[in-house]
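Commentary on secondary and tertiary structure
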Amino acid sequence: MIYLLPHTITESARRFPDREAFRFGKVSLTYRKMEKRMNQLAGVLQTLGIKKGDRIGIYLNRSIETAISIFGILQAGGVYVPIDPKAPVTRSQFLIEDCEIKILITQLAQRKKISQITKDKNNIHTIIGLSEMEGVKTISWESVFTASAEYNSPFRILEKDLAYIIYTSGSTGQPKGIMHTHYSGLSYARLTADLYQITEQDRIGNHAPIHFDICTLGYFTSPLVGACTVIASDAATVFPASLGKLITEEALTIWYSVPLALVQILQNGVLADQALPHLRWVLYAGEPFPPKYLRTLMQQWSDTRFSNVYGPTETNACTYYNLPEIPMTDDPIPIGQVWKNTDYLILDEEGKEVAPGTTGELLICSATQMLGYWRNPALTEKSLYRVLATTGQESVFYKTGDLVKEEDGILHFLGRKDFQIKIRGHRVELGAIEACLVAHASVREAAVYTVRISEESLKIVAAVISSSDSEASVINLLEFLKEKLPLYAVPEEIKIVKDFPRTSSGKIKRGALVAAL
Amino acid sequence: MLEQRIINYILEELHSGQSDLKILPEDDLLGSGLVESMGMMRLIQFVEDDNGIKVPPQDMTIENFMTVAAMVEYIDRTKNNG
C-alpha cells in the first residue's frame, strides 16, 4: 500500500525493477538501483542521528543526486528543503537558519558557495556530497554509495506528516516556507497520473529545479506509475537547442515547463522540421502563454496535446485546461476547471460569492493543499478561509490572491489581486495590459508596473522585450494599445529592454525590474 | 590569446573584476554558477563580435559552450570551416 512518497520507489522497484526511474545525461538509475540509493542515503542519515521531521537542505544543481536526496531524506523520516544554488548566499543562510538545517546535501560544484554559507555562524554540522570542508563533518557521495542498503525506519511516519518545504519570495519582505505533506504530494501524483493517463511507458522531461513545484510531476507522479523522469541539466536549460535535442533524443512523451522555455525551444530549439510522434503531452504553468506562440507551437507539434496548468505553490496544481483546439485569437487561454475532489469559491471584496461571469478572488480547497507556512501560524491563518458546513464539517480554503471569473464552468485567470490597480478611479488589470502588448507581433514579453508620481496618482509603465524577428517601436505599440484598451489603461511610458531580471525558474523578478528601470 | 580573452570577459564584464575569482579553461561555467543564463547570452554575443562569427541557434549547445576550452575549440572549428 502506497501511503508515503518513498513507497512509490519501493513499489515501482518491486513491479518494474529494471525499468529506468531517473536519467540525467548519461547517468541512469533503474528502480531497483534507485531503491538501493534511497536506502543507502537514508541509512547514512540515520547514523547521523536524524529524527523524524528534521529538515535537511538540498543544495544541488539538477542532477541524479537530486532524486536520490529527495527520496533518501523522506525515507529517513526527514523533511527536505530545496535551496537554490543560484540564489544569493544570504538567502541560503536565511533558509538554513529559518528551518534549523543541520545537514546539507550538495555536490562538488557548489564547494565554494558552501564554504561562504558555512563561514558565518549557523548550525550545519554535516555536509553530504563533499569530501572535506573546514569545521564540519563531510561524507562524500562515494561513501554514501558504498554504505549498507539495509534500512529499517525506527519512526512511524504518517501521510499527513511533513515531507518538504518550498520557499517562495513572497511579494514583500522575507521568504516564506510552504509546508507540504506526503499526502499532498501523493494526491498530486495520483491526480496527474489519472488525468494525463501517465503509465510506466512514459518518459517525462523535467525542466524545473526542485525549488519550483512544477518538478513534482517528474519526482512524484513518475515513480508512482513506474515512468522515467529525464532531468534536464542546468546548462541545457540555457540552450534551447540542447532542450530540443533532449526532447527528441530521449523520446520524451511528456514535457512540463514554464511557457518561456517552450517559446525558446520554438524559436531556437532547431526542431522546426522534426516530427515528434512520441510527445503526447505538453504541460505548462507559472505564467500565461502568449497565444501567438502557443498557436505556432501547436501547429508544429500537431500530434501533441497541450494543457495549461494553474496553481500557486500553496496548493500545487489545482486547475487545468486541456486545449481543445489551436487558439486562433489572442484571447488569453483559460485556466479551465479544478481537479477532481477539489472545491473552489470565487469571492468579492466583501467575501460574498460572485455571480457567474463576475470577477472575484479564487479560493481553493484541495487534497494537494499545503499544511501551512513554516513557523508562521499568523500568516497561515490569514491565508485561509474556513467554511463550516451544516453537517458540522469544516472546509479550509486557501485564498490564492488571484482574480478569476467563471463562464460556463470554465475559469479564466485575470491577474493577481495585488496586481489590480485603481487609476483615475478606474480599475485596471496590469496583466491585461501585458497580454495586450504580447499580442503585438514585435513583442516577445512584457511586464507592466506602476510608479507613484504623487501621493494620489500612479502612472503605468510597460517594459517590453522585442521578438526575435522584429524590433518593437514605442510609437507603434502606443497606437496599437490605444485601439485595444481604454485610454486610462494605456501606459504613459514604454521601455524597450533586452531582458528582464529573472528567478532561476524563469519567472520575471518584478521588484528587481522596477528597481532597475 | 582567445582563451584568455574569454576568461577576461567573464571576470571583468560578468563579475565586475572580482579579484579573488579564478577560472580554468575546463571549469563548467553554468554548473558552477560562474556564468548565469543571461551572462551566457552576453558571452556568446562577445564571442561573436570578438571573432567575427555568427553562432546559429543549432550551435548554441552545452557541448560548444559549457567550458572556455569547449568555446575555443568551437570557434577554431567554425573559423576553419568558414
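Residues numbered from 1 in each chain as written. Chains lettered and ligands numbered in written order. Predicted model: local features only at pLDDT ≥ 70, side-chain atom pairs only at ≥ 80, totals over all residues.

**Regarding the overall build of chain A**
Stated formally: Counting from the N terminus, the helices are the DSSP runs of H or I reaching at least four residues and the strands are the DSSP runs of E reaching at least two. This radius of gyration counts C-alpha atoms alone. The globule rule is 2.2 Å times how many residues there are, raised to the power 0.38. Residues are treated as contacting if the C-beta atoms built from their backbones sit within 7 Å of each other.
Looking only at helices and strands, chain A features 15 helices and 27 strands. Against the globule reference of 24 Å for 517 residues, chain A gives a C-alpha radius of gyration of 23 Å, in line with a compact fold. Here the C-alpha coordinates of chain A stretch approximately 70 × 55 × 50 Å along the principal axes. When contacts within chain A are restricted to residue pairs at least 6 apart in sequence, those whose partners lie at least 24 apart make up 64%.

**Let's talk about the overall build of chain B**
For clarity, the threshold we go by: With C-beta atoms placed from the backbone, a residue is buried if 20 or more other C-beta atoms are within 10 Å of its own, exposed if 12 or fewer are, and partly exposed between those counts.
Helices and strands together make up the secondary structure of chain B, namely four helices and zero strands. Mapped from its N terminus to its C terminus, chain B presents α and β elements in the order α-α-α-α. For 82 residues, the compact-globule formula gives about 12 Å, and the C-alpha radius of gyration of chain B, at 12 Å, lands near that figure. Considering chain B as a whole, with its 82 residues, one finds that 23% of them fall into the buried category.

**Quick notes on the packing of helix H1 (residues 2-14) of chain B against helix H4 (residues 68-81) of chain B**
All names here are of chain B. Applied cut-off: Angles run from 0 to 180 degrees between N-to-C directions of axes, and those axes are lines fitted to C-alpha atoms, restricted for helices to the stretch in contact. Angles below 35 degrees are treated as roughly parallel, those above 145 as roughly antiparallel, those between 65 and 115 as roughly perpendicular, and all remaining angles as oblique. Throughout, a crossing is termed right-handed when the near helix is turned clockwise from the far one, and left-handed when it is turned anticlockwise from it by less than a right angle.
Contact pair H1 / H4: the axes reach a minimum separation of 10 Å and the direction vectors enclose 130°. Taken together, the axes of H1 and H4 are oblique relative to one another. Both H1 and H4 take part in a crossing whose hand is right-handed. Mapping the contact onto sequence places Leu 2, Glu 3, Ile 6 and Ile 7 in H1 and Val 68, Met 71, Val 72 and Ile 75 in H4.

**A word on the confidence of the model for chain B**
Residues and elements named next belong to chain B. For the record, the criterion: Values of pLDDT, ranging from 0 to 100, describe the predictor's confidence in every residue of the model.
With 98% of its residues at a pLDDT of at least 70, chain B reaches an overall mean of 88. The secondary structure element of chain B with the lowest average pLDDT is helix H2 (residues 37-51), at 89, and the one with the highest is H4, at 92. Overall fold confidence (pTM) sits at 0.88, and the ipTM for the predicted complex is 0.77.

**A short note on the sheet that holds strand E27 (residues 493-497) of chain A**
All names here are of chain A. The criterion, for reference: One bridge is not enough; two strands pair if DSSP finds at least two bridges between them.
Spatially, E25-E26-E27 is the arrangement adopted by the three strands of the open sheet, whose pairing is mixed. Single-partner strands in this sheet number two, and they are strand E25 (443-452) and E27. The sheet shows a mean angle of 25° between the axes of neighbouring strands, direction not considered. Sheet topology places strand E26 (residues 458-466) next to E27; five bridges connect them, and they run parallel. Looking at the pairing, Val 464 lines up with Ile 496 of E27. The sheet contacts of helix H13 (residues 430-438) involve E25 and E26, and relative to E25 the element is tilted by about 150°.

**Description of the domain arrangement of chain A**
Here is the rule we go by: These domain limits were set by an automatic method or by a database of domain assignments.
Along its sequence, chain A is carved into domain 1 (5-234), domain 2 (341-414) and domain 3 (424-516). Its C-alpha centre places domain 2 of chain A at a distance of 29 Å from the equivalent point of domain 3 of chain A.

**Quick word on the sheet that holds strand E10 (residues 203-206) of chain A**
All names here are of chain A. With respect to topology, nine strands assemble into an open sheet ordered E2-E1-E11-E10-E12-E13-E14-E15-E16, the strand pairing being mixed. This sheet does not close on itself; its edge strands, each paired only once, are strand E2 (27-30) and strand E16 (337-338). Relative to strand E13 (residues 281-284), strand E12 (residues 254-257) runs parallel, the two sharing four bridges. When the sheet's bridge partners are listed, Ser 257 is paired in E13 with Tyr 284.

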